[in-house]
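# Observations on the model geometry
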Amino acid sequence: MIATDHPEGDPTHQRTPPPRSRPPETTLRPIDSARYDARFASRAAGIVSSVMRDLMSLSERPQIISLAGGFPNTESFEREVFEEIVAAVSRDHLAAALQYGPTEGLAELRELIVEIMAHEGARAGVDDIMVTSGGQQAIDLSIRTFVDPGDTILAEGPTYPGAVPCFTTYEARVEHVPMDGDGLRVDLVEEALDRLGAEGRPPKLLYTIPNFHNPAGVTMSLERRERLIEIAHERELLIVEDNPYGQIRFEGDPLPSLWELDGGAGWVLYLSTFSKILAPGTRVGWVAAPAAVLRKMNLGKQAADLCSSTISQRLVIEYLRRYDWRDYVTRLNDIYRSRRDAMLRALEEEMPPEATWTRPTGGLFVWATLPSYIDTTDLLALASERHEVAFVPGRGAFLDGRGGDSMRLNFSGVPEAVIREGVRRLGLAVTEMTELHRALGGEV
Ligand SMILES: Cc1ncc(COP(=O)(O)O)c(C=O)c1O
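Residues numbered from 1 in each chain as written. Predicted model: local features only at pLDDT ≥ 70, side-chain atom pairs only at ≥ 80, totals over all residues. Heavy atoms only, no water.

## Considering the domain arrangement of the protein
Defined as follows: The split of the chain into domains comes from an automatic or database domain assignment. Joining two parts hides part of their accessible area as seen by a 1.4 Å probe, and the buried area is that hidden amount summed over both. Any Lys or Arg side-chain nitrogen found within 4 Å of a carboxyl oxygen on Asp or Glu counts as a salt bridge. Think of a polar contact as two N or O atoms within 3.5 Å of one another; within protein, one of them needs to be a possible hydrogen donor and the other a possible acceptor, and neighboring residues in sequence only count if both atoms come from side chains. Runs of E in the DSSP output that reach at least two residues are strands. Runs of H or I that reach at least four are helices, and both are numbered from the N terminus.
Here the protein is described as being made up of domain 1 (51-70 + 327-439) and domain 2 (79-322). Summed over both partners, the interface of domain 1 with domain 2 buries about 2300 Å², with 64% contributed by carbon and sulfur atoms. When the buried area of domain 1 at its contact with domain 2 is split by residue, Thr 361, Ala 397 and Leu 399 rank highest and sum to 24% of it. There are 1 salt bridge connecting domain 1 and domain 2. A salt bridge links Arg 340 to Glu 251, with the shortest nitrogen-to-oxygen separation between them at 2.7 Å. Run the count over domain 1 and domain 2 and you get 12 residue pairs in polar contact (both at pLDDT 80 or more). Sorting the residues of the side of domain 1 that touches domain 2 by element identifies α3 (51-59), α14 (325-350) and β11 (365-369) as the ones contributing at least two each.

## Observations concerning the packing of aromatic side chains
In plain terms, the rule: Only Phe, Tyr and Trp rings are paired, with Trp represented by its six-membered ring, and only when their centres lie within 6.5 Å; those with planes under 30 degrees apart are stacked, over 60 edge-to-face, the remainder tilted. Throughout this description, buried means an accessible area under 20% of the type-specific maximum (1.4 Å probe, protein chains only), exposed means over 50%, and partly exposed covers the range between.
The tally for this structure, following the rule as stated, stands at 8 aromatic pairs. Aromatic pair Phe 274 and Trp 286: ring centres 5.2 Å apart, planes at 55°, arrangement tilted. Taken as a pair, Phe 274 in the loop between β8 (268-273) and β9 (285-288) and Trp 286 in strand β9 lie far apart in primary sequence, 12 residues in all. Of the residues examined, Phe 274 reaches a relative accessible area of 1% and is grouped as buried. Between Tyr 319 and Tyr 323, the ring centres sit 5.8 Å apart and the planes meet at 20°, which makes this aromatic pair stacked. Residue Tyr 319 is classed as buried on the basis of its relative accessible area of 3%.

## What to know about the pairing of β11
Note the cut-off: Strands are labelled as partners when DSSP assigns at least two bridges between them.
With 4 of its 5 residues buried, β11 lies for the most part within the structure. Where strand β10 (residues 356-357) meets β11, 2 bridges bridge the pair, whose relative direction is antiparallel. Directly across from Trp 357, in β11, lies its bridge partner Ala 368.

## Points about the sheet that holds strand β4 (residues 173-180)
Let me state the cut-off plainly: Residue contacts are counted whenever heavy atoms from the two residues lie within 4.5 Å of one another. Between the N-to-C directions of two axes lies an angle of 0 to 180 degrees, each axis being a line fitted to C-alpha atoms and, for a helix, fitted only over the stretch in contact.
Strand order across the open sheet formed by 8 strands is β2-β9-β8-β7-β6-β3-β4-β5, with mixed pairing between neighbours. Each edge of the sheet is formed by a strand with only one pairing partner; in this case those strands are β2 (129-132) and β5 (183-184). Inspection of the sheet shows β4 paired to β5 by 2 bridges, in the antiparallel sense. Of the residues in β5, the one forming a bridge with Asp 180 is Gly 183. Helix-sheet contacts for helix α6 (residues 107-119) involve β2, β8 and β9, and the interaxial angle to β2 is about 105°. In this fold helix α7 (residues 134-146) packs onto β2, β3 (152-157), β6 (206-208), β7 (239-242), β8 and β9, with an angle of close to 155° to the strand it touches most, β8.

## Description of the side chain of Thr 282
Inspection of the secondary structure puts Thr 282 in the loop between β8 and β9. When near neighbours in sequence (up to four residues on either side) are disregarded, Thr 282 contacts Phe 274, Ser 312 and Val 316.

## Some points on helix α10 (residues 222-235)
Stated formally: Helix span is expected to be 1.5 Å times the residue number reduced by one.
When the terminal C-alpha atoms of α10 are compared, their 20 Å separation across 14 residues agrees well with the 20 Å that a helix rising 1.5 Å per residue should span. One or two residues past the end of α10 sits Glu 236, with phi positive at roughly 55°.

## What to know about unusual backbone geometry
Cis geometry marks the peptide bond from Gly 157 to Pro 158, where omega comes out at 5°. Within the secondary structure, Pro 158 sits in the loop between β3 and α8 (164-169). Asn 214 connects to Pro 215 through a cis peptide bond whose omega is 15°. Tracing the chain through its elements places Pro 215 in the loop between β6 and α10. A positive phi angle is found at Leu 306, which is not glycine, with a value near 65°.

## Thoughts on a nonpolar patch on the surface
Put simply, the test is: What makes a patch is a set of residues exposed beyond 30% relative accessible area and free of salt bridges, joined within 9 Å when like-charged and within 5 Å when nonpolar (Val, Leu, Ile, Met, Phe, Trp, Tyr). Surface accessibility follows the Shrake-Rupley procedure with a 1.4 Å probe radius. Residue values consider only the protein chains on display as shielding.
Together, Leu 28, Ile 31, Tyr 36 and Phe 40 make up an exposed nonpolar region whose accessible area comes to about 400 Å². Its place among the elements puts Ile 31 in the segment before α1 (34-37). For Ile 31, a relative accessible area of 35% corresponds to the partly exposed category.

## Let's talk about the site of the ligand
Our working rule: One heavy atom suffices: a residue is near a molecule or strand as soon as one of its heavy atoms comes within 4 Å of it.
Taken together, the neighbourhood of the ligand is formed by 14 residues, with Asn 214, Asp 242, Tyr 245, Thr 273 and Ser 275 sitting nearest. Separating an oxygen atom of the ligand from a side-chain N or O atom of Ser 275 is a distance of 2.6 Å. When the ligand is considered free in solution it has 390 Å² of accessible area, and contact with the protein chains removes 93% of it. At 4 residues, α7 tops the list of elements feeding residues into the shell around the ligand.

In C-alpha coordinates form, the structure reads like this:
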(Lines give C-alpha, C1' and ligand atoms only; values in the text may rest on other atoms or scores of the structure.)
Protein backbone atom coordinates (compact mmCIF):
# COMPACT_ATOMS: atom_id res chain seq x y z
CA MET A 1 0.00 0.00 0.00
CA ILE A 2 1.38 3.38 -0.98
CA ALA A 3 1.25 5.96 1.80
CA THR A 4 -0.67 9.07 0.79
CA ASP A 5 -2.32 12.06 2.43
CA HIS A 6 -5.61 11.14 0.90
CA PRO A 7 -8.28 10.25 3.46
CA GLU A 8 -9.05 6.99 1.65
CA GLY A 9 -5.40 6.37 0.89
CA ASP A 10 -6.15 6.44 -2.84
CA PRO A 11 -2.81 5.78 -4.57
CA THR A 12 -3.95 7.54 -7.75
CA HIS A 13 -4.66 10.74 -5.84
CA GLN A 14 -2.43 13.59 -7.02
CA ARG A 15 -1.22 16.16 -4.55
CA THR A 16 -1.63 19.74 -5.66
CA PRO A 17 1.84 20.84 -6.76
CA PRO A 18 3.33 23.77 -4.81
CA PRO A 19 2.81 27.15 -6.49
CA ARG A 20 5.62 27.96 -8.94
CA SER A 21 7.23 31.32 -9.30
CA ARG A 22 8.18 32.35 -12.83
CA PRO A 23 11.76 31.42 -13.67
CA PRO A 24 14.11 34.31 -14.56
CA GLU A 25 14.62 34.99 -18.25
CA THR A 26 18.36 34.45 -17.95
CA THR A 27 20.92 33.99 -15.22
CA LEU A 28 23.87 34.80 -17.48
CA ARG A 29 25.87 38.01 -17.27
CA PRO A 30 25.80 40.03 -20.52
CA ILE A 31 28.22 38.16 -22.80
CA ASP A 32 29.88 39.67 -25.84
CA SER A 33 28.87 37.48 -28.77
CA ALA A 34 32.33 38.04 -30.31
CA ARG A 35 33.56 35.30 -27.99
CA TYR A 36 31.63 32.77 -30.06
CA ASP A 37 31.77 34.38 -33.48
CA ALA A 38 35.21 33.05 -34.34
CA ARG A 39 34.20 29.58 -33.18
CA PHE A 40 30.93 29.18 -34.99
CA ALA A 41 31.13 26.64 -37.80
CA SER A 42 30.89 28.34 -41.20
CA ARG A 43 27.74 26.23 -41.57
CA ALA A 44 26.19 27.95 -38.53
CA ALA A 45 27.35 31.39 -39.62
CA GLY A 46 25.67 31.01 -43.01
CA ILE A 47 22.27 29.71 -41.90
CA VAL A 48 19.47 31.96 -43.02
CA SER A 49 16.49 31.93 -40.70
CA SER A 50 13.01 31.11 -41.88
CA VAL A 51 11.03 34.36 -41.94
CA MET A 52 7.99 32.42 -40.78
CA ARG A 53 9.79 31.38 -37.63
CA ASP A 54 10.96 34.97 -37.04
CA LEU A 55 7.38 36.10 -37.32
CA MET A 56 6.11 33.62 -34.73
CA SER A 57 6.90 36.07 -31.92
CA LEU A 58 4.86 38.75 -33.70
CA SER A 59 1.89 36.41 -33.87
CA GLU A 60 2.10 35.94 -30.12
CA ARG A 61 1.17 39.60 -29.61
CA PRO A 62 -2.59 39.23 -29.04
CA GLN A 63 -3.60 42.44 -30.81
CA ILE A 64 -1.79 41.44 -34.02
CA ILE A 65 -3.80 39.74 -36.74
CA SER A 66 -1.38 37.24 -38.18
CA LEU A 67 -1.82 36.19 -41.80
CA ALA A 68 1.81 35.07 -41.57
CA GLY A 69 1.71 31.57 -40.09
CA GLY A 70 0.98 28.40 -42.00
CA PHE A 71 -1.33 27.35 -39.23
CA PRO A 72 -3.93 24.67 -39.89
CA ASN A 73 -7.19 25.14 -38.01
CA THR A 74 -6.63 22.92 -34.97
CA GLU A 75 -9.77 24.21 -33.27
CA SER A 76 -12.00 21.93 -35.29
CA PHE A 77 -10.36 18.79 -33.90
CA GLU A 78 -12.85 17.37 -31.42
CA ARG A 79 -11.82 17.16 -27.80
CA GLU A 80 -13.71 13.84 -27.34
CA VAL A 81 -11.75 12.28 -30.17
CA PHE A 82 -8.48 13.42 -28.68
CA GLU A 83 -9.48 12.19 -25.22
CA GLU A 84 -10.40 8.82 -26.66
CA ILE A 85 -7.12 8.28 -28.45
CA VAL A 86 -5.06 9.47 -25.47
CA ALA A 87 -7.04 7.08 -23.24
CA ALA A 88 -6.49 4.23 -25.70
CA VAL A 89 -2.74 4.84 -25.80
CA SER A 90 -2.45 5.01 -22.01
CA ARG A 91 -4.66 1.95 -21.53
CA ASP A 92 -3.25 -0.34 -24.20
CA HIS A 93 0.22 0.86 -25.14
CA LEU A 94 1.60 2.91 -22.29
CA ALA A 95 4.99 1.27 -21.77
CA ALA A 96 5.70 1.06 -25.51
CA ALA A 97 4.54 4.64 -26.09
CA LEU A 98 6.95 5.84 -23.40
CA GLN A 99 9.83 3.86 -24.88
CA TYR A 100 12.29 4.59 -27.72
CA GLY A 101 11.18 3.25 -31.06
CA PRO A 102 12.86 2.20 -34.30
CA THR A 103 14.54 5.00 -36.23
CA GLU A 104 12.45 4.27 -39.32
CA GLY A 105 9.22 4.57 -37.30
CA LEU A 106 6.63 2.13 -35.95
CA ALA A 107 5.79 -0.55 -38.51
CA GLU A 108 2.07 -0.14 -37.84
CA LEU A 109 2.25 3.55 -38.67
CA ARG A 110 4.25 2.90 -41.83
CA GLU A 111 1.50 0.51 -42.96
CA LEU A 112 -1.11 3.19 -42.40
CA ILE A 113 1.02 5.73 -44.28
CA VAL A 114 1.07 3.36 -47.26
CA GLU A 115 -2.76 3.46 -47.20
CA ILE A 116 -2.79 7.26 -47.03
CA MET A 117 -0.45 7.50 -49.98
CA ALA A 118 -2.60 5.00 -51.90
CA HIS A 119 -5.58 7.27 -51.31
CA GLU A 120 -3.69 9.90 -53.30
CA GLY A 121 -2.83 7.31 -55.96
CA ALA A 122 0.81 7.02 -54.85
CA ARG A 123 1.72 3.35 -54.52
CA ALA A 124 4.44 2.50 -51.98
CA GLY A 125 5.41 -0.42 -49.76
CA VAL A 126 6.02 -0.40 -46.00
CA ASP A 127 9.79 -0.70 -46.49
CA ASP A 128 9.80 2.38 -48.73
CA ILE A 129 8.69 4.56 -45.82
CA MET A 130 10.58 6.24 -43.01
CA VAL A 131 8.68 8.21 -40.36
CA THR A 132 10.18 11.63 -39.66
CA SER A 133 9.70 14.36 -37.08
CA GLY A 134 7.36 16.43 -39.21
CA GLY A 135 7.67 17.03 -42.93
CA GLN A 136 10.37 19.51 -41.98
CA GLN A 137 12.77 16.78 -40.93
CA ALA A 138 12.10 14.96 -44.18
CA ILE A 139 13.37 18.05 -46.05
CA ASP A 140 16.35 18.37 -43.74
CA LEU A 141 17.31 14.72 -44.18
CA SER A 142 16.92 14.89 -47.95
CA ILE A 143 19.25 17.85 -48.23
CA ARG A 144 21.67 16.53 -45.60
CA THR A 145 21.91 13.22 -47.45
CA PHE A 146 22.67 14.65 -50.89
CA VAL A 147 24.17 18.13 -50.60
CA ASP A 148 27.80 18.97 -49.93
CA PRO A 149 28.80 22.58 -49.27
CA GLY A 150 28.69 24.52 -52.54
CA ASP A 151 26.53 21.98 -54.39
CA THR A 152 23.82 23.42 -56.58
CA ILE A 153 20.18 22.49 -56.18
CA LEU A 154 17.09 23.63 -58.07
CA ALA A 155 13.99 24.94 -56.31
CA GLU A 156 10.96 26.85 -57.41
CA GLY A 157 11.10 30.62 -57.10
CA PRO A 158 9.44 31.32 -54.69
CA THR A 159 10.18 28.28 -52.55
CA TYR A 160 8.94 27.12 -49.14
CA PRO A 161 10.41 29.65 -46.65
CA GLY A 162 10.86 26.89 -44.06
CA ALA A 163 13.20 25.04 -46.42
CA VAL A 164 15.58 28.02 -46.50
CA PRO A 165 17.34 27.09 -43.21
CA CYS A 166 17.80 23.52 -44.55
CA PHE A 167 19.29 24.76 -47.81
CA THR A 168 21.62 27.19 -46.05
CA THR A 169 22.63 24.81 -43.23
CA TYR A 170 24.04 22.41 -45.80
CA GLU A 171 25.48 25.33 -47.81
CA ALA A 172 23.55 24.59 -50.98
CA ARG A 173 23.65 27.06 -53.88
CA VAL A 174 20.01 27.42 -54.78
CA GLU A 175 19.01 28.18 -58.36
CA HIS A 176 15.38 29.26 -58.50
CA VAL A 177 13.28 28.12 -61.42
CA PRO A 178 10.32 30.45 -62.10
CA MET A 179 6.68 29.38 -61.82
CA ASP A 180 3.47 30.49 -63.47
CA GLY A 181 -0.20 29.60 -63.01
CA ASP A 182 0.58 25.97 -63.98
CA GLY A 183 3.34 25.63 -61.41
CA LEU A 184 7.03 25.07 -62.08
CA ARG A 185 8.19 26.15 -65.56
CA VAL A 186 9.47 22.75 -66.55
CA ASP A 187 10.87 24.14 -69.82
CA LEU A 188 13.11 26.35 -67.68
CA VAL A 189 14.26 23.33 -65.66
CA GLU A 190 15.73 21.98 -68.88
CA GLU A 191 17.36 25.29 -69.60
CA ALA A 192 18.81 25.42 -66.08
CA LEU A 193 20.16 21.86 -66.47
CA ASP A 194 21.88 22.86 -69.74
CA ARG A 195 23.36 26.03 -68.30
CA LEU A 196 24.49 24.52 -64.98
CA GLY A 197 25.89 21.47 -66.77
CA ALA A 198 27.94 23.78 -69.01
CA GLU A 199 29.16 25.65 -65.92
CA GLY A 200 30.32 22.34 -64.43
CA ARG A 201 27.85 22.36 -61.56
CA PRO A 202 24.95 20.10 -62.47
CA PRO A 203 22.31 20.26 -59.73
CA LYS A 204 22.22 17.47 -57.17
CA LEU A 205 18.43 17.59 -57.02
CA LEU A 206 15.26 19.54 -57.63
CA TYR A 207 13.09 20.42 -54.62
CA THR A 208 9.49 20.97 -55.69
CA ILE A 209 5.99 21.31 -54.19
CA PRO A 210 3.65 20.28 -57.03
CA ASN A 211 0.34 20.61 -55.13
CA PHE A 212 -0.98 23.93 -53.78
CA HIS A 213 2.46 25.37 -53.51
CA ASN A 214 3.64 27.09 -50.36
CA PRO A 215 3.87 30.04 -50.80
CA ALA A 216 2.79 30.46 -54.44
CA GLY A 217 -0.64 28.79 -54.11
CA VAL A 218 -0.45 27.16 -57.58
CA THR A 219 -0.47 23.51 -58.73
CA MET A 220 1.73 21.87 -61.36
CA SER A 221 -0.31 20.79 -64.39
CA LEU A 222 -0.46 17.15 -65.48
CA GLU A 223 1.40 17.92 -68.70
CA ARG A 224 4.26 19.50 -66.77
CA ARG A 225 4.38 16.62 -64.28
CA GLU A 226 4.71 14.13 -67.11
CA ARG A 227 7.37 16.20 -68.85
CA LEU A 228 9.30 16.68 -65.59
CA ILE A 229 9.45 12.92 -65.06
CA GLU A 230 10.61 12.44 -68.64
CA ILE A 231 13.37 14.95 -67.99
CA ALA A 232 14.27 13.21 -64.71
CA HIS A 233 14.59 9.91 -66.54
CA GLU A 234 16.41 11.30 -69.58
CA ARG A 235 18.84 13.42 -67.59
CA GLU A 236 19.04 11.54 -64.30
CA LEU A 237 17.62 14.37 -62.24
CA LEU A 238 16.74 13.47 -58.65
CA ILE A 239 13.46 15.05 -57.56
CA VAL A 240 12.38 15.76 -53.99
CA GLU A 241 8.59 16.00 -54.15
CA ASP A 242 7.23 17.73 -51.06
CA ASN A 243 3.51 17.07 -50.76
CA PRO A 244 2.01 18.31 -47.50
CA TYR A 245 -1.06 19.80 -49.19
CA GLY A 246 -2.24 17.22 -51.73
CA GLN A 247 -5.34 16.41 -49.65
CA ILE A 248 -6.12 20.04 -48.83
CA ARG A 249 -8.16 20.45 -51.99
CA PHE A 250 -11.25 22.65 -52.35
CA GLU A 251 -12.02 22.03 -56.02
CA GLY A 252 -11.10 19.85 -58.95
CA ASP A 253 -9.63 16.36 -59.21
CA PRO A 254 -6.31 15.19 -57.78
CA LEU A 255 -3.40 14.90 -60.19
CA PRO A 256 -0.92 12.01 -60.06
CA SER A 257 2.10 12.54 -57.86
CA LEU A 258 5.57 12.66 -59.35
CA TRP A 259 6.30 9.58 -57.22
CA GLU A 260 3.58 7.68 -59.06
CA LEU A 261 4.55 8.98 -62.48
CA ASP A 262 8.15 7.91 -61.82
CA GLY A 263 6.78 4.36 -61.78
CA GLY A 264 9.29 3.01 -59.27
CA ALA A 265 12.32 4.14 -61.28
CA GLY A 266 13.80 5.71 -58.15
CA TRP A 267 14.22 9.31 -59.33
CA VAL A 268 11.67 10.72 -56.88
CA LEU A 269 11.74 11.07 -53.09
CA TYR A 270 8.25 11.74 -51.75
CA LEU A 271 7.76 13.74 -48.55
CA SER A 272 4.56 14.34 -46.63
CA THR A 273 3.21 14.96 -43.14
CA PHE A 274 0.29 14.62 -40.74
CA SER A 275 0.53 18.34 -40.00
CA LYS A 276 -2.14 19.39 -42.47
CA ILE A 277 -4.43 16.36 -42.48
CA LEU A 278 -4.38 15.90 -38.70
CA ALA A 279 -2.38 18.42 -36.65
CA PRO A 280 1.10 19.96 -36.73
CA GLY A 281 1.48 19.34 -32.99
CA THR A 282 1.92 15.63 -33.78
CA ARG A 283 5.26 16.45 -35.47
CA VAL A 284 4.90 13.28 -37.50
CA GLY A 285 5.78 13.22 -41.18
CA TRP A 286 7.37 10.77 -43.56
CA VAL A 287 9.57 10.17 -46.55
CA ALA A 288 9.17 7.50 -49.21
CA ALA A 289 12.39 6.70 -51.02
CA PRO A 290 14.44 3.88 -52.57
CA ALA A 291 16.12 1.55 -50.05
CA ALA A 292 19.64 2.84 -50.73
CA VAL A 293 18.54 6.40 -49.99
CA LEU A 294 16.52 5.43 -46.90
CA ARG A 295 19.56 3.68 -45.46
CA LYS A 296 21.54 6.93 -45.59
CA MET A 297 18.62 8.99 -44.34
CA ASN A 298 18.21 6.57 -41.45
CA LEU A 299 21.80 7.33 -40.41
CA GLY A 300 21.09 11.05 -40.63
CA LYS A 301 18.01 10.59 -38.48
CA GLN A 302 19.96 8.59 -35.92
CA ALA A 303 22.25 11.59 -35.59
CA ALA A 304 19.38 14.06 -35.43
CA ASP A 305 16.95 12.47 -32.97
CA LEU A 306 17.30 8.65 -32.83
CA CYS A 307 13.59 8.25 -33.56
CA SER A 308 10.45 10.36 -33.84
CA SER A 309 8.30 10.66 -30.72
CA THR A 310 6.82 7.25 -30.00
CA ILE A 311 3.94 8.80 -28.08
CA SER A 312 3.03 10.90 -31.06
CA GLN A 313 3.29 8.03 -33.52
CA ARG A 314 1.07 5.94 -31.25
CA LEU A 315 -1.54 8.70 -31.00
CA VAL A 316 -1.58 8.99 -34.79
CA ILE A 317 -1.99 5.20 -35.12
CA GLU A 318 -4.89 5.13 -32.65
CA TYR A 319 -6.55 8.01 -34.47
CA LEU A 320 -6.18 6.39 -37.89
CA ARG A 321 -7.45 3.05 -36.56
CA ARG A 322 -10.58 4.51 -34.96
CA TYR A 323 -11.59 7.28 -37.33
CA ASP A 324 -11.74 7.97 -41.02
CA TRP A 325 -9.19 10.75 -41.40
CA ARG A 326 -10.81 11.68 -44.72
CA ASP A 327 -13.95 12.90 -42.92
CA TYR A 328 -11.88 15.28 -40.85
CA VAL A 329 -10.02 16.52 -43.92
CA THR A 330 -13.35 17.11 -45.68
CA ARG A 331 -14.46 19.25 -42.74
CA LEU A 332 -11.20 21.17 -42.75
CA ASN A 333 -11.44 21.75 -46.47
CA ASP A 334 -14.97 23.16 -46.10
CA ILE A 335 -13.67 25.64 -43.54
CA TYR A 336 -10.63 26.57 -45.62
CA ARG A 337 -12.70 27.02 -48.79
CA SER A 338 -14.86 29.64 -47.06
CA ARG A 339 -11.80 31.33 -45.59
CA ARG A 340 -10.08 31.41 -48.96
CA ASP A 341 -13.19 32.98 -50.49
CA ALA A 342 -13.30 35.56 -47.69
CA MET A 343 -9.67 36.44 -48.34
CA LEU A 344 -10.10 36.72 -52.12
CA ARG A 345 -13.16 38.96 -51.67
CA ALA A 346 -11.35 41.16 -49.15
CA LEU A 347 -8.34 41.48 -51.46
CA GLU A 348 -10.65 42.62 -54.29
CA GLU A 349 -12.02 45.31 -52.00
CA GLU A 350 -8.84 46.50 -50.31
CA MET A 351 -5.91 46.15 -52.71
CA PRO A 352 -4.89 48.72 -55.34
CA PRO A 353 -5.76 47.84 -58.96
CA GLU A 354 -2.13 47.12 -59.88
CA ALA A 355 -1.88 44.35 -57.26
CA THR A 356 -2.26 40.73 -58.39
CA TRP A 357 -2.70 37.51 -56.43
CA THR A 358 -3.16 33.79 -56.94
CA ARG A 359 -6.55 32.05 -56.55
CA PRO A 360 -5.59 28.73 -54.97
CA THR A 361 -7.84 25.69 -55.34
CA GLY A 362 -6.30 24.13 -52.24
CA GLY A 363 -3.59 24.57 -49.64
CA LEU A 364 -3.33 27.39 -47.16
CA PHE A 365 -1.90 30.40 -48.97
CA VAL A 366 -2.46 33.26 -51.37
CA TRP A 367 0.63 34.83 -52.97
CA ALA A 368 0.11 38.52 -53.69
CA THR A 369 2.29 40.83 -55.75
CA LEU A 370 2.13 44.58 -55.21
CA PRO A 371 3.28 47.48 -57.38
CA SER A 372 7.09 47.36 -57.54
CA TYR A 373 7.55 50.61 -55.58
CA ILE A 374 6.32 48.79 -52.47
CA ASP A 375 8.86 46.65 -50.70
CA THR A 376 6.96 44.12 -48.64
CA THR A 377 9.73 43.89 -46.00
CA ASP A 378 9.23 47.62 -45.32
CA LEU A 379 5.49 47.14 -45.61
CA LEU A 380 5.61 44.46 -42.90
CA ALA A 381 7.37 46.86 -40.51
CA LEU A 382 4.67 49.46 -41.08
CA ALA A 383 1.78 47.00 -41.13
CA SER A 384 2.79 45.25 -37.91
CA GLU A 385 3.70 48.38 -35.95
CA ARG A 386 0.99 50.77 -37.07
CA HIS A 387 -1.84 48.54 -38.27
CA GLU A 388 -1.24 45.38 -36.26
CA VAL A 389 -1.34 42.90 -39.10
CA ALA A 390 1.44 40.53 -40.19
CA PHE A 391 2.23 38.46 -43.30
CA VAL A 392 5.29 36.75 -44.75
CA PRO A 393 7.29 39.13 -46.96
CA GLY A 394 8.24 37.60 -50.29
CA ARG A 395 12.00 37.87 -49.87
CA GLY A 396 11.79 35.03 -47.33
CA ALA A 397 10.87 32.66 -50.14
CA PHE A 398 13.92 33.41 -52.31
CA LEU A 399 17.63 33.00 -51.69
CA ASP A 400 18.67 35.43 -54.39
CA GLY A 401 17.17 38.65 -53.03
CA ARG A 402 14.06 38.55 -55.19
CA GLY A 403 10.49 38.60 -53.93
CA GLY A 404 10.60 42.18 -52.60
CA ASP A 405 7.25 43.10 -54.15
CA SER A 406 5.41 39.94 -53.04
CA MET A 407 3.94 38.49 -49.89
CA ARG A 408 2.37 35.31 -48.59
CA LEU A 409 -1.03 35.53 -46.95
CA ASN A 410 -2.42 32.64 -44.94
CA PHE A 411 -6.17 32.04 -44.85
CA SER A 412 -6.43 28.78 -42.87
CA GLY A 413 -5.48 29.93 -39.40
CA VAL A 414 -8.01 32.68 -38.64
CA PRO A 415 -11.80 33.02 -38.97
CA GLU A 416 -13.41 34.88 -41.85
CA ALA A 417 -14.21 38.07 -39.94
CA VAL A 418 -10.58 38.27 -38.79
CA ILE A 419 -9.36 37.68 -42.35
CA ARG A 420 -11.53 40.57 -43.55
CA GLU A 421 -10.23 42.85 -40.81
CA GLY A 422 -6.63 41.73 -41.43
CA VAL A 423 -6.85 42.46 -45.16
CA ARG A 424 -8.55 45.80 -44.41
CA ARG A 425 -5.58 46.74 -42.20
CA LEU A 426 -3.19 45.54 -44.87
CA GLY A 427 -5.00 47.78 -47.36
CA LEU A 428 -4.43 50.77 -45.05
CA ALA A 429 -0.73 50.00 -44.83
CA VAL A 430 -0.48 49.66 -48.63
CA THR A 431 -2.28 53.00 -49.10
CA GLU A 432 0.10 54.67 -46.65
CA MET A 433 3.15 53.30 -48.48
CA THR A 434 1.70 54.44 -51.80
CA GLU A 435 1.14 57.96 -50.46
CA LEU A 436 4.65 58.08 -49.07
CA HIS A 437 6.03 57.02 -52.44
CA ARG A 438 3.97 59.72 -54.16
CA ALA A 439 5.06 62.37 -51.64
CA LEU A 440 8.69 61.49 -52.42
CA GLY A 441 8.00 62.22 -56.09
CA GLY A 442 7.58 58.64 -57.24
CA GLU A 443 5.24 57.64 -60.06
CA VAL A 444 2.24 55.60 -59.07
C1 LIG B 1 5.89 22.82 -48.24
C2 LIG B 1 6.07 22.41 -46.82
N3 LIG B 1 6.91 21.42 -46.52
C4 LIG B 1 7.09 21.02 -45.26
C5 LIG B 1 6.42 21.62 -44.22
C6 LIG B 1 6.71 21.18 -42.82
O7 LIG B 1 5.77 20.32 -42.36
P8 LIG B 1 5.71 19.90 -40.83
O9 LIG B 1 4.92 20.95 -40.14
O10 LIG B 1 5.06 18.59 -40.83
O11 LIG B 1 7.10 19.82 -40.33
C12 LIG B 1 5.51 22.63 -44.48
C13 LIG B 1 4.81 23.28 -43.37
O14 LIG B 1 4.14 24.25 -43.49
C15 LIG B 1 5.34 23.05 -45.81
O16 LIG B 1 4.50 24.02 -46.13
